[in-house]
Amino acid sequence: MATLTDAKRLVVKIGSALLVDAKTGALRQEWLKSLAADVARIRERGTDVVLVSSGSIALGRGVLGLPPAALPLEQSQAAAAVGQIRLARAYEEVLALHGIIAGQVLVTLEDSHDRRRYLNSRATMETMLSLGVTPIVNENDTIATDEIRYGDNDRLAAQVAVTIGADQLVLLSDVDGLYTANPRINSDAKHLDNVDKITPEIEGMAGDVGSGLSKGGMITKIMAARMATEAGCAMAIALGTENSPLALLENGARTTWFAAQTDPQVARKRWIASMKPAGNVTIDDGAKAALMRGNSLLPAGVTQVSGRFGRGDVVAIMDALGVQLGQGLTRYTAAESRQILGRRSHDIATILGYEGRAALVHRDDMVL
């Protein structure tokens, strides 16, 4: 099974119950400082770290003096607007103690369902990580209505892990893993250290175990585990209530690990290969040779574009003889692709009137 020390790219989900004191509504500052120290230590060994953090509504609720009961949508969004500022500042301050720059990323369910937004999110977070930034991701509760909400950060964290190709996901919670039954009401419940595959029996073990501040119970965690593991990302459900929760996990604290069912890159390539192309791009022999060496497809190597497609759609990549070499997610629309075909990447801004991506199809979004 996976261990945290093996992670190349790690996503950590932090629940509201860990960040915010349920009685006072105040941020648990010492706990957050210990988490930042964990993140700094993990980053030092070359691991990318992304944090998916709840807490904006819980923090804002305390500031505004709103009741602990369920809030109407408008009050939840107002609380999120107030709390999000404080949450972002808190992360910025504790990470800065270790010389780490924090960056805020707010998303909605639509951002993962729309391929154009998906590509934007992926490219933005990839760039942040390459610049040494630790992204702090949260659902955009100030604008998201029920039909465009994840509704819980367990599944949001899994989607982030899939989007950026993470190989490990840790859900820090107020429970230390999956049990055969709800341990709070059944003394015979047994803890599961490892889950090789999510079966109907495993799904049946998920009771609604959660705190008053947290929206996600065990059911949402199993849903997140299915999403993550099928995309090649191992996932852990770990107790996060104590200080330095990631250090405790590394040192053998009880948890449940869900095994990845494939490699993240293999899963992504399989997903791209399964989609029907919306158009074709024909390339010259020089571009073909570059692709075979593992390079991205640049506009300079494109000789012809056919079909109607938007940014984020799948296009077939054809050689000069009309043989399909592979397919990938295009970073330009069909109209834009026709304007820049055969041109150098540094000419794109002049031709289109705005800065664009250097590649027409990036190698990470391509399968040959």
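Model, not experiment: these values are computed from the prediction. (Residues numbered from 1 in each chain as written. Predicted model: local features only at pLDDT ≥ 70, side-chain atom pairs only at ≥ 80, totals over all residues. Heavy atoms only, no water.)

Q: Please explain the sheet that holds strand β13 (residues 314-318) as it appears in this structure.
A: Hydrogen bonds between backbone atoms are what pair the strands of a sheet, whose relative direction is either parallel or antiparallel. Reading across the sheet, the five strands line up as β12-β11-β13-β14-β15 and stay open at both edges, with mixed pairing between neighbours. Of all strands in the sheet, those with a lone pairing partner are β12 (302-307) and β15 (366-367), marking the two edges. Taken together, the two bridges between strand β14 (residues 324-329) and β15 define a ladder with antiparallel strand orientation. Residue pairing in the sheet places glycine 328 in a bridge with methionine 366 of β15. Strands β13, β14 and β15 of the sheet are contacted by helix α11 (residues 264-273), whose axis makes an angle of about 105° with β14. (Pairing = 2+ DSSP bridges. Helix = DSSP H or I, 4+ residues; strand = E, 2+ residues; numbered from the N terminus. Contact = heavy atoms within 4.5 Å. Axes fitted to C-alpha atoms, helices over the stretch in contact; angles between N-to-C directions.)

Q: Whenever I open this one, the environment of glycine 286 confuses me. Can you help?
A: Note that glycine 286 resides in helix α12 (residues 285-292). In the structure, glycine 286 is positioned 152 residues away from threonine 134 in sequence and 38 Å away in space, judged by C-alpha atoms.

Q: Help me understand the sheet that holds strand β3 (residues 101-107) in this model?
A: Strand order in the open sheet made by the eight strands is β3-β4-β2-β1-β5-β9-β10-β8, with mixed pairing throughout. What marks the edges here is a single partner per strand, and that holds for β3 and β8 (194-195). As defined by bridge partners, strand β9 (residues 234-239) adjoins strand β10 (residues 255-258) across four bridges and the pair is classed as antiparallel. Across the sheet, the residue bridging to methionine 235 is phenylalanine 258, located in β10. In the packing of helix α4 (residues 73-96) onto the sheet, contacts are made with β1 (9-14), β2 (48-53), β3 and β4 (133-139), and the angle to β3 comes to roughly 150°.

Q: Help me out: how do you make sense of the side chain of arginine 122 in this one?
A: Along the polypeptide, arginine 122 turns up in helix α6 (residues 115-130). We classify arginine 122 as buried; its relative accessible area is 7%. Among the polar contacts made by the side chain of arginine 122, one reaches the main-chain carbonyl oxygen of threonine 163 at a distance of 2.6 Å. Other than its neighbours up to four places away in sequence, arginine 122 contacts Thr163, Ile164, Gly165, Arg268, Asp364 and Asp365. (Buried < 20%, exposed > 50% of the residue type's maximum accessible area, 1.4 Å probe, protein only. Polar contact = N/O pair within 3.5 Å; in protein donor to acceptor, adjacent residues only side chain to side chain.)

Q: What am I meant to see in the side chain of asparagine 138 here?
A: Its location among the elements puts asparagine 138 in strand β4. Residue class for asparagine 138 comes out buried when judged on its relative accessible area of 3%. Side-chain polar atoms of asparagine 138 contact the side chain of serine 56, separated by 3.4 Å. A polar side-chain atom of asparagine 138 sits 3.3 Å from a polar atom in the side chain of asparagine 153. Setting aside its immediate chain neighbours within four residues, asparagine 138 contacts Ser53, Ser54, Ser56, Gln84, Leu87, Val105, Leu106, Val107, Asn153 and Leu156.

Q: Is there a simple way to explain the packing of α6 against helix α7 (residues 153-164) in this structure?
A: In a packed pair of helices, the relevant descriptors are the angle between the two axes and the axis-to-axis distance. In contact at an axis separation of 9 Å, α6 and α7 are set at 75° when each is read in the N-to-C sense. Relative to α7, the element α6 is oriented roughly perpendicular. Of α7, the residues touching α6 (which contributes Tyr118, Arg122, Met125 and Glu126) are Gln159, Val160, Val162, Thr163 and Ile164. A class-by-class count of the residues in the contact of α6 with α7 yields five nonpolar, two polar and two charged. (Parallel < 35°, antiparallel > 145°, perpendicular 65-115°, else oblique. Nonpolar A, V, L, I, M, F, W, Y, C, P; charged D, E, K, R; others polar.)

Q: I'm lost on unusual backbone geometry in this one. Help?
A: The phi torsion of most residues other than glycine is negative, and most of the peptide bonds are trans. Look at serine 244: it is not a glycine, yet its phi comes out positive at around 55°. Accessibility expressed as a relative area gives 26% for serine 244, which makes it partly exposed.

Q: Looking at this model, I keep getting lost on the nonpolar core. Mind explaining?
A: If you look at the biggest cluster of nonpolar residues, it comprises 36 residues, and the most contacted ones within it are Val11, Leu169, Leu178 and Phe258. Where this core is concerned, the elements lending two or more residues are β2, β3, α6, β4, α7, β5 (168-173), α9 (218-230) and β9. At six residues, α7 tops the list of elements feeding residues into this core. (Core = buried A, V, L, I, M, F, W, Y, C linked by side-chain atoms within 4.5 Å.)

Q: What is the right way to look at the pairing of β13 in this model?
A: Remark: a regular strand shows side chains that alternate across the two faces of the sheet. Among the five residues of β13, five are classified as buried, and the element is accordingly described as predominantly covered. The side-chain alternation of β13 yields two buried faces, one formed by Val314, Ala316 and Met318 and the other by Val315 and Ile317. The sheet contact formed by strand β11 (residues 279-283) and β13 spans four bridges and is parallel. Note on β13: the bridge partner recorded for valine 281 is isoleucine 317. Pairing geometry for β13 and β14, over five bridges, is antiparallel. Residue pairing for β14: alanine 316 is matched across the bridge by glutamine 327. Hairpin geometry of β13 and β14 is characterised by an intervening segment of five residues between the two adjacent antiparallel strands and by a positive phi of about 85° at glycine 322.

Q: I keep staring at the packing of helix α2 (residues 29-44) against α4 and nothing clicks. Help me out?
A: Packing of α2 against α4 brings their axes to within 9 Å, and their N-to-C directions diverge by 55°. Accordingly, the angle class assigned to the pair α2 and α4 is oblique. Judged by the twist between their axes, the crossing of α2 over α4 is right-handed. Residue-level contacts link Gln29, Leu32, Lys33, Leu35, Ala36 and Val39 of α2 to Ala90, Tyr91, Val94 and Leu95 of α4. Residues belonging to the contact of α2 with α4 are distributed by class as follows: eight nonpolar, one polar and one charged. (Left-handed = near helix turned anticlockwise from the far one by under 90°.)

Q: For this particular structure, what's the right way to read α12?
A: At 3.6 residues per turn, the α-helix brings residues three or four places apart onto the same side. Regarding α12, the residues found buried are Ala287, Ala290 and Leu291. With its buried residues spanning 100° around the axis, α12 presents them on a single face. Among the exposed residues of α12, those pointing more than 90 degrees away from its buried face are Asp285 and Met292. Residue aspartate 284 occupies the N-cap position of α12, its side-chain oxygen lying 3.2 Å from the main-chain nitrogen of glycine 286. Phi for glycine 294, located one or two positions after α12, is positive at around 95°. (Arc of directions from axis to C-beta.)

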